[in-house]
Amino acid sequence: MRIALISPFPDITVFGLRTMSAYLRERGHWTRMIFLPDPACDEDYGEERYRPETLRQLVALCRDVDLVGITLMTNYFAAARQITHAIHAATSVPVVWGGVHATICPDECIVHADIVCVGDGEEALLDLADALGRGAAIDALANLWVRAGDGAISRNPPRPLLRDLDRYPAPDYSLADHHFMVADGTITPFTRELTERHLRTGTVSNLLGKMGYQTMTGRGCPHKCSYCANDALKNLYDKRGYLRWRSVEHVIDELEQVKRRFPDIGFVWISDDAFFSRPSASLAAFCAAYKERIGLPFSCLASPLTVTEEKMALLVDAGLVYVQMGIESGSARMQALYNRARMDNRRVLRAARIINRYRARMFPPSYDFLLDVPYERTEDTLESLRLIARLPKPYRLQPFSLVLYPGTELHRMGVRDGHVRDAHRDVYAKSYNMRAGSYPNLLFALAQGGRMPGPLLRLLASRPLGRVLGAAPLRPGFAWLYRALRALKARLRPDGGRAA
């Protein structure tokens with residue numbers, strides 16, 4: 001079978017889709033990968049994301065295939081819909097949607113796609129390709145919702161989670177029949193030079209000033225945060241066995257392949273949701289093998305509950321140079337709302353101090369916070385700022401505007417309480433970079449680089465000053481100041497403001 005795999009994601013790593021491509025090729029099918037970065041990025045461009053000429057080129061690339069697969073998250077729903085409608089209008093090729101949004105909202109997705117994959121997709125897509133190749137029925141394949149010609153929908157349950165992630169090969173970076181949409185909307189064959197150029201422009205690559213390779217050593221997360229799609233995905237499998245890890249040897253083999261293919265790779269970006277939660281013995285084995293056989297700087301994600309002195313020492317010795325940790329809020333009330341009550345300020349500060357002990361050997365860590373939460377009061381945001389004033393320097397802040405993603409506990413609350421009135425405006429077209437202008441958000445922007453003195457930040461975030469400057473009559477003025485500050489920072493950034 002010939003299968004076109006399409007990604008509307010803005011970055012080209014797309015670990016899951018590249019793994020899918022490699023697995024299908026290993027099993028005898030041919031894949032064509034097409035990267036169509038959604039032009040909307042962090043703005044709402046409406047329903048039409050791609051130019052007519054781009055769609056004409058895309059259709060031409062899909063005319064000779066037997067199946068089209070599209071991966072999507074909620075933000076790319078409009079892009080996936082436009083791509084699908086263009087293919088349906090010009091060909092009879094069936095289109096299957098997969099990814100987080102397809103898994104969480106299959107009822108919505110099956111209206112547009114012929115087939116929707118719910119849950120892990122490798123085995124389901126392989127079964128689908130095999131069945132289509134044999135001319136066999138596809139309406140009873142596990143993990144797949146299938147819409148028949150008469151509109152009837154077969155809703156098949158997911159198969160048990162595969163525990164052995166070593167079954168899957170390293171992501172497909174072969175460049176064989178890989179295509180990319182460049183800035184003017186033209187779709188061009190992917191080259192080594194184009195690949196390396198985009199590997200240099202990821203968020204962490206910009207921060208470290210090196211070309212980075214992004215990978216994942218496992219799937220899932222040990223936490224159940226109420227704002228995160230991971231909790232919704234766990235519910236699909238009754239939360240049993242959702243967190244899984246690849247073996248150390250499997251990961252190291254992948255990274256050795258990458259070093260041979262891209263000798264200029266300067267660091268490895270491990271994007272597991274909570275790499276520090278890997279079991280201690282496995283982490284020690286990883287560090288020993290990584291140090292001996294890879295030897296590149298690397299970055300990873302952590303949570304306040306998983307950072308320990310033992311793990312930090314092992315990782316830094318192996319080459320860890322940058323950590324991103326989700327703090328989200330310094331308010332006990334909000335921590336409880338997020339199902340993160342155990343990640344209280346005491347544990348946050350403990351984890352930050354452990355990270356800070358290695359400041360001479362690392363780039364400043366980044367700490368994530370959530371803003372613009374409909375259930376948050378001004379005092380909750382000020383509590384976060386007062387916590388930030390106690391964090392050991394140096395650090396960077398990464399404030400994100402909360403998006404109430406479908407399937408999450410907070411989304412259900414938001415719908416119930418009237419905070420999601422227009423799904424397109426309030427969820428689908430909203431980006432976590434669309435932060436509102438307010439006095440507390442202005443303080444976040446001023447403190448983002450970690451240079452503001454702690455005593456000054458505590459003063460500005462104090463209850464008396466917060467009540468006065470956060471009052472309703474002053475909000476338009478602070479909103480204007482916030483927008484002006486962001487615009488100034490964007491103009492001053494060497495990357496043109498993509499990470500402002």
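Summarised in this report is the structure supplied together with it. (Residues numbered from 1 in each chain as written. Predicted model: local features only at pLDDT ≥ 70, side-chain atom pairs only at ≥ 80, totals over all residues. Heavy atoms only, no water.)

Turning our eyes to something else, we now look at the pattern of salt bridges. As enumerated under the stated definition, the model contains 26 salt bridges in all. The partner of R219 in a salt bridge is D120, and the shortest N-O contact between them spans 3.3 Å. With a gap of 99 residues between them, R219 in strand β11 (residues 218-219) and D120 in the loop between β5 (115-117) and α6 (122-134) connect regions that are remote in the sequence. Here R219 falls in the buried class, since its relative accessible area comes to 19%. Between R386 and E379 there is a salt bridge, and its shortest N-O distance comes to 2.4 Å. Overall, E379 belongs to the partly exposed group, its relative accessible area being 25%. The network of salt bridges with shared partners includes R2, R32, D64 and D177. (Salt bridge = Lys/Arg side-chain N within 4 Å of Asp/Glu carboxyl O. Helix = DSSP H or I, 4+ residues; strand = E, 2+ residues; numbered from the N terminus. Buried < 20%, exposed > 50% of the residue type's maximum accessible area, 1.4 Å probe, protein only.)

It is worth spelling out the sheet that holds strand β3 (residues 67-71) at this point. Taken in spatial order, the nine strands make up an open sheet running β7-β6-β5-β4-β3-β1-β2-β8-β9, and their pairing is mixed. Two strands bound the open sheet, and with one partner strand each, they are β7 (153-155) and β9 (187-189). Averaged over all pairs of adjacent strands, the angle between their axes in this sheet comes to 20 degrees, without regard to strand direction. Taken together, the four bridges between β3 and strand β4 (residues 95-98) define a ladder with parallel strand orientation. Across the sheet, I70 pairs through a bridge with W97, a residue of β4. (Pairing = 2+ DSSP bridges. Axes fitted to C-alpha atoms, helices over the stretch in contact; angles between N-to-C directions.)

Right, let's talk about the pairing of strand β6 (residues 144-147) for a bit. Relative to β6, β5 runs antiparallel, the two sharing three bridges. The partner of C117 across the bridge, within β6, is L144. Where β6 folds back onto β7 in an antiparallel hairpin, the turn is made up of five residues, including G151, whose phi is positive at roughly 90 degrees.

This brings us to the packing of helix α15 (residues 378-388) against helix α18 (residues 439-447). At a minimum axis separation of 9 Å, α15 and α18 run at an interaxial angle of 20 degrees. Here α15 lies roughly parallel to α18, going by the angle between them. Every pair of crossing elements has a handedness; the one defined by α15 and α18 is left-handed. The residues of α18 that touch α15, namely those facing T378, T381, S384, L385 and I388, are P440, L443 and F444. (Parallel < 35°, antiparallel > 145°, perpendicular 65-115°, else oblique. Left-handed = near helix turned anticlockwise from the far one by under 90°. Contact = heavy atoms within 4.5 Å.)

This part is about the sheet that holds strand β13 (residues 267-270). Sheet strands pair by backbone hydrogen bonding; their relative direction is either parallel or antiparallel. Here we have six strands laid out as an open sheet, ordered β10-β13-β14-β15-β16-β17, and parallel in their pairing. A single partner strand is all that each edge strand has here, and the edge strands are β10 (212-215) and β17 (396-401). Direction aside, neighbouring strands of the sheet carry axes that sit 20 degrees apart on average. Bridge count between strand β14 (residues 298-302) and strand β15 (residues 320-328): five bridges; the pairing is parallel. Opposite L301, over in β15, you have Q324 as the bridge partner. Set on the sheet, helix α14 (residues 345-356) makes contact with β15 and β16 (366-371); between it and β15 the angle comes to about 170 degrees.

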